[in-house]
Amino acid sequence: MRTLELRSRLDDLTAGLPQVNVRRMFGCDAYLAGGAIFAMVWREGRIGLRLPDDLLPELRALPGADPWRHLDMVVRQWVLVPESFHDDTDGLAPWVRKAHAAALGRGPASHKRSLRPAKTGRPPRRVATTRARKKAPPASGKRRQSSKKV
C-alpha cells in the first residue's frame, strides 16, 4: 500500500482523537498527540506505532508485526503493525487509540529536557562584579597594601 493511502487511513482513525496534529519528521508523516509522537507512516510503506513497554509484547506477538529497526538496532517502543492492518480498520483502530493515549500521558519530549545548558567540559566563565572591580589593583603598577592584619 502506498504511503498516501496509509496517511489517509491514519487521518481517518485519528479524526476524532483530541490534540492530534501531523507533521513531517525524518522524511515521514508523523502523528503527534499533545506534542508527543505516537504514529508514523514510514517511507517503506508501513505504519509504525509507539507504545509503552507493557503493550509492546502483545502487538509484537501478532503475525506480521515487526520491531522497527534502524541499521542494526531495534528502536525501543516502536512496532511496525502487521501489513494486514493496513486494510483492517477494526484491527488497527484500537492500537492507534492506545498509542495516542500513551502519547498524551507522556507529554511532549521538549518539556522533559533540562533547562540548564549542556556541559562543555570547561569551567563556567566568571564575570567580574562591581565589587570585584573596585578591589582590583590600580593600573599604575603599584599594589595597594591590605588593611587586614594577619
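Remember, predicted model here, so these are calculated numbers, not experimental data.

Cut-offs applied
Here the residue numbering is sequential within each chain, running from 1 through the sequence in written order. Given that the model is predicted, a residue must reach a pLDDT of at least 70 before its local features are reported, and side-chain atom pairs must reach 80 or more before they are shown or counted; all residues, however, enter totals for whole chains, interfaces and linings. Hydrogens and water are ignored here; the side-chain numbers use all heavy atoms of the structure. For salt bridges, the criterion is a side-chain nitrogen of Lys or Arg within 4 Å of an Asp or Glu carboxyl oxygen. Here a helix means four or more residues in a row that DSSP labels H or I, a strand means two or more in a row labelled E, and each is numbered from the N terminus. Only residues whose relative accessible area exceeds 30% and that form no salt bridge are eligible for patches; like-charged ones are grouped when within 9 Å, while nonpolar side chains (Val, Leu, Ile, Met, Phe, Trp, Tyr) are grouped when within 5 Å. A 1.4 Å probe and the Shrake-Rupley method give the accessible areas. Residues count as covered only by the protein chains that appear here. The charged-residue count follows a simple rule in which Lys and Arg add positive charge and Asp and Glu add negative charge, with His and chain termini not counted at all. By convention, the charge on Lys lies at NZ, on Arg at CZ, on Asp at CG and on Glu at CD. Only protein chains enter the accessibility calculation, which uses a 1.4 Å probe; a residue is then buried when its area is under 20% of its type maximum, exposed when over 50%, and partly exposed in between. Any helix carries an expected span of 1.5 Å times its number of residues minus one. Contact criterion: two residues are considered in contact whenever any of their non-hydrogen atoms come within 4.5 Å of each other. Comment: axis = line fitted to C-alpha atoms, over the contacting stretch for helices; angle = value between 0 and 180 degrees taken between N-to-C directions. Left-handed describes a crossing in which the near helix is turned anticlockwise from the far one by less than a right angle; the clockwise case is right-handed. Residue type decides the class: Asp, Glu, Lys and Arg count as charged, Ala, Val, Leu, Ile, Met, Phe, Trp, Tyr, Cys and Pro as nonpolar, and the leftover types, Gly among them, as polar. Side-chain atoms alone can form a polar contact between residues adjacent in sequence; in general such a contact is a pair of N or O atoms within 3.5 Å, and within protein one must be able to donate a hydrogen while the other accepts it.

Enquirer: Looking at this model, I keep getting lost on the pattern of salt bridges. Mind explaining?
Expert: Side chains that carry opposite charge are capable of pairing whenever their charged atoms lie near each other. As enumerated under the stated definition, the model contains six salt bridges in all. Residue D29 is joined to R24 by a salt bridge in which the shortest nitrogen-to-oxygen separation is 3.1 Å. Among the salt bridges present, the one from D66 reaches R46, with a minimum N-O distance of 3.0 Å. One end of the pair, D66, is in strand β5 (residues 66-70); the other, R46, is in strand β4 (residues 46-50), and 20 residues separate them in sequence.

Enquirer: I keep staring at a negative patch on the surface and nothing clicks. Help me out?
Expert: A surface patch of like charges, here negative, comprises E5, D87, D88 and D90. Following the sequence through the fold, D87 ends up in the loop between β6 (73-80) and α3 (89-106). By relative accessible area, D87 is classed as exposed at 57%.

Enquirer: Please explain α3 as it appears in this structure.
Expert: Spacing of three or four residues puts side chains on the same side of an α-helix, whose turn is 3.6 residues. Across its 18 residues, α3 extends 25 Å between first and last C-alpha, which sits within 8% of the 26 Å expected from 1.5 Å per residue. Buried within α3 we find G91, L92, A93, W95, V96, A99, H100, A102 and A103. Where α3 is buried, its residues meet α1 (3-14), β1 (20-25), β2 (28-33), β3 (36-42), β4 and α2 (56-60). Count one or two residues on from α3 and you reach G107, which has phi positive near 80°.

Enquirer: So what exactly am I meant to see when it comes to the packing of α1 against α3 here?
Expert: Packed helix pairs are specified by the crossing angle of their axes together with the interaxial distance, meaning the distance between the axes. Look at α1 against α3: their axes get within 10 Å of each other, and the N-to-C directions meet at 65°. α3 is crossed by α1, and the crossing has right-handed handedness. Along the contact surface, α1 presents R9, L10, L13 and T14, while α3 presents T89, L92, A93 and V96. By residue class, the composition of the contact of α1 with α3 is five nonpolar, two polar and one charged.

Enquirer: Sorry if this is basic, but what is going on with the side chain of D29 here?
Expert: Topologically, D29 is positioned in strand β2. The class of D29 is buried, set by a relative accessible area of 10%. At 3.5 Å, the side chain of D29 forms a polar contact with the side chain of R7. In terms of polar contacts, D29 uses its side chain to reach the side chain of R24, at 3.1 Å.

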